[in-house]
Amino acid sequence: MPKDRPGNQAQRPTRRFGFAVRHLAVIGVAGMVFYVVLSTSAAFNITGPSTHPSKELFPFFTWSLFSRTTDRRTEYHLTIHAIDERSFDPPVDMRKIDVIPQFGDSRSLGYKALQNLGDALDDGHADSEVMRERFAARFFGRHDVDYQISRHRYNPLKRWREGPASDDVTAIGRFHYEHDS
Amino acid sequence: MIRRLRKALAGHPSASPYSVEHHRRAFNNAFWLVRIYYAATLLFAYQEMGTIWKLMQTGGSFTPLWPIAWANDIETTGLVILYALIGTALLTVALPDRRWPRVLVFISFLSAAAFRSSFGLGSINHGNHYWLWTGFCFCFLPPGDRRELGGSPSNRYRFLLVFSFAQGLILLFYTMSGFWKAAAGVEALVLGRIGTFHPEALATIVAAKMIQLDKPTLLGPWLTQYPWVGWPVYMFVVYIELVALWIWFRPSLHRLFGVALACFHIGTFLLLGISFPKHVLILTILMIWSPFIPDRSSVRDMLFSLPGFGVFFRRPIRQQVSLDGAGGSVADVTRPGGTA
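Every value quoted in this text rests on a predicted model; they were computed, and no experiment measured them.

1. A short note on the sheet that holds strand 1 (residues 73–83) of chain A
Residues and elements named next belong to chain A.
- The antiparallel open sheet is built from four strands, whose spatial order is 2-1-3-4. One side of each edge strand has no neighbouring strand; the edge strands of this open sheet are strand 2 (86–93) and strand 4 (168–177). Pairs of neighbouring strands in the sheet enclose a mean axial angle of 15°, with direction left out of account.
- Sheet topology places strand 3 (residues 145–154) next to strand 4; nine bridges connect them, and they run antiparallel. Of the residues in strand 4, the one forming a bridge with I149 is G173.
- Along the sheet, helix 4 (residues 128–140) contacts strand 1, strand 3 and strand 4; its crossing angle with strand 4, the most-contacted strand, is approximately 75°.

The following block contains the structure:
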């Protein structure tokens, strides 16, 4: 039997640090189970009002990323008709506007926020107007913006190969944002 | 019962008895890997300062997440987090043997991640989650320098156990990701729709992402031309994600799966334009350089340990294990008295 085993520690007195081994093992396993239960509960909205709009309870996440594949994708687009004194005809997609610095940062988050807003507006969600005001304040900042949100339905592969001509487009609404001076 | 379950998950019975030398070496490796983690934390904290500063300048609607529920305005909150983050990260590398700086840097990183996602209006940034949760696990590491901890088998065991749980948690995230992909795929099969298991699934996902980005990715346009190429690649991704937690119990596969999962993240950049630098680094620290990898591990050992497919290699490997004594499991290293 090797001398270095816990049972032989009388030979070499050492300090014991931190949690007991059994406690550590229990904390570890219980923590992992807790993570799965909590993140899944949040995804199914069981955690109630504490759940984030993206169905998460930060920093717990289901890690459901790119899980659903569909050949009939729904996506919301925001087109700008006018910024301050400048008009666009035809209107320009939000992602193409580089003159507004707010559009440049966290592009992916901006996209997700727009999809959440589009869903809320489309479903007539009670908080949709508040969400729209917050969205505009975040992304339009100190500009006055005339914009439209529309729903596009398409097959992603076909759309990438052939362009947006075959999109099934429905206008959700046209809005105006004036910043607080 | 737990021991029997662990042995079943570990696959073949371990042929290597408890070795003090192996235990010490594993502890030394884990000890330095934790140091590397905190050195990188300082680097990320430094980089994060720029992000926080940019958010403070950009402003906009601010809805603080719960870790920063105390926040009143963007500028004060941003400044407090910015100084706390870099200060605690410096403290952790200056006092690497203490526990309290690790707890403080975890709280600071949690606050910084919450601050970043408080502008998302329904979106949470997951780029820091792996780093954050690893830091949470490392808060449970026993304090003390290498000589103090290394001198006692039970302290070495505690250290390795916590390190092992950090590995387990990260692998759990991959398994959860794989589970949802597989579950959605089964649902699509039942409903007769395009889903995870469809030959054009990956190409469809890549096309949708390129449309979202409004620009092509490095390999995306090529894949949309030859969608069938993506099928074996995607099936491989679903497999390695789904069985990732299983690999926790099979140390001979830690390096192989660490590399495979890192390749998966490299692939997400090439195809989807999404980069996960912190994920690749955490895989390197926890899995590719795993302290639990057996001293000797042949390709046949690894093939035998492959979840689901190992059964095809069972007989020859059993013979080889009994002859050369290679193998082992996490428990052999983390449990001082652990034997087969």
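2. Considering the interface of chain A and chain B
- Between chain A and chain B, the residue contacts involve 67 residues of the former and 84 residues of the latter.
- For the chain A and chain B pair, buried surface summed over both sides reaches about 6,700 Å², with 66% attributable to carbon and sulfur atoms.
- Applying the counting rule to chain A against chain B returns one salt bridge.
- For E187 of chain B, the salt bridge is made with R68 of chain A, and the minimal N-O distance between the two is 2.5 Å.
- Counting the contacts that link chain A with chain B gives nine residue pairs in polar contact (both at pLDDT 80 or more).
- Elements supplying a minimum of two residues to the side of chain A that touches chain B: helix 1 (21–43), strand 1, helix 3 (107–123), helix 4 and helix 5 (156–162) of chain A.
- Considering every element that reaches the side of chain A that touches chain B, the biggest residue donor is helix 1 of chain A, with 11 residues.

3. Concerning the confidence of the model for chain A
Residue and element names in this part refer to chain A.
- Per-residue confidence for chain A gives a mean pLDDT of 81; residues scoring 70 or more make up 81%.
- Per-element mean pLDDT across chain A ranges from 45 in helix 2 (residues 101–104) up to 94 in strand 3.
- Predicted confidence is poor over residues 6–14, with pLDDT under 50, and the contacts of this stretch with residues over four places away or in other chains come to 15 contacts.
- Across residues 101–105 the pLDDT falls below 50, and counting only partners more than four positions away or on other chains, this stretch makes 13 contacts in the model.

4. Comments concerning the side chain of R250 of chain B
- Mapped onto the secondary structure, R250 of chain B falls in the loop between helix 11 (244–247) and helix 12 (254–272).
- Residue classification places R250 of chain B among the buried positions, given a relative accessible area of 7%.

5. Here's the deal with the pattern of salt bridges
- For the coordinates displayed, the defined rule picks out 11 salt bridges over all chains.
- Where D295 of chain B meets R25 of chain B, a salt bridge forms, and the shortest distance between an N and an O atom there is 2.8 Å. Pair noted here: D295 of chain B is in the loop between helix 13 (277–288) and helix 14 (299–305) and R25 of chain B is in helix 2 (residues 20–58), with a separation of 270 residues, a long-range link.
- D295 of chain B gets classed as exposed once you look at its relative accessible area, which sits at 54%.
- Assessed through its relative accessible area of 35%, R25 of chain B is described here as partly exposed.
- K181 of chain B is the salt-bridge partner of E241 of chain B, the closest N and O atoms lying 2.9 Å from each other. Of this pair, E241 of chain B sits in helix 10 (residues 230–242) while K181 of chain B sits in helix 7 (residues 153–191), placing them 60 residues apart in sequence. K181 of chain B matches E241 of chain B in its accessibility class, with the two residues each being buried.
- The network of salt bridges with common partners includes E129, R132 and E133 of chain A.

Conventions adopted
Residues numbered from 1 in each chain as written. Chains lettered and ligands numbered in written order. Predicted model: local features only at pLDDT ≥ 70, side-chain atom pairs only at ≥ 80, totals over all residues. Heavy atoms only, no water. Pairing = 2+ DSSP bridges. Helix = DSSP H or I, 4+ residues; strand = E, 2+ residues; numbered from the N terminus. Axes fitted to C-alpha atoms, helices over the stretch in contact; angles between N-to-C directions. Contact = heavy atoms within 4.5 Å. Buried area = accessible area lost by both parts, 1.4 Å probe. Salt bridge = Lys/Arg side-chain N within 4 Å of Asp/Glu carboxyl O. Polar contact = N/O pair within 3.5 Å; in protein donor to acceptor, adjacent residues only side chain to side chain. pLDDT = per-residue confidence, 0-100. Buried < 20%, exposed > 50% of the residue type's maximum accessible area, 1.4 Å probe, protein only.

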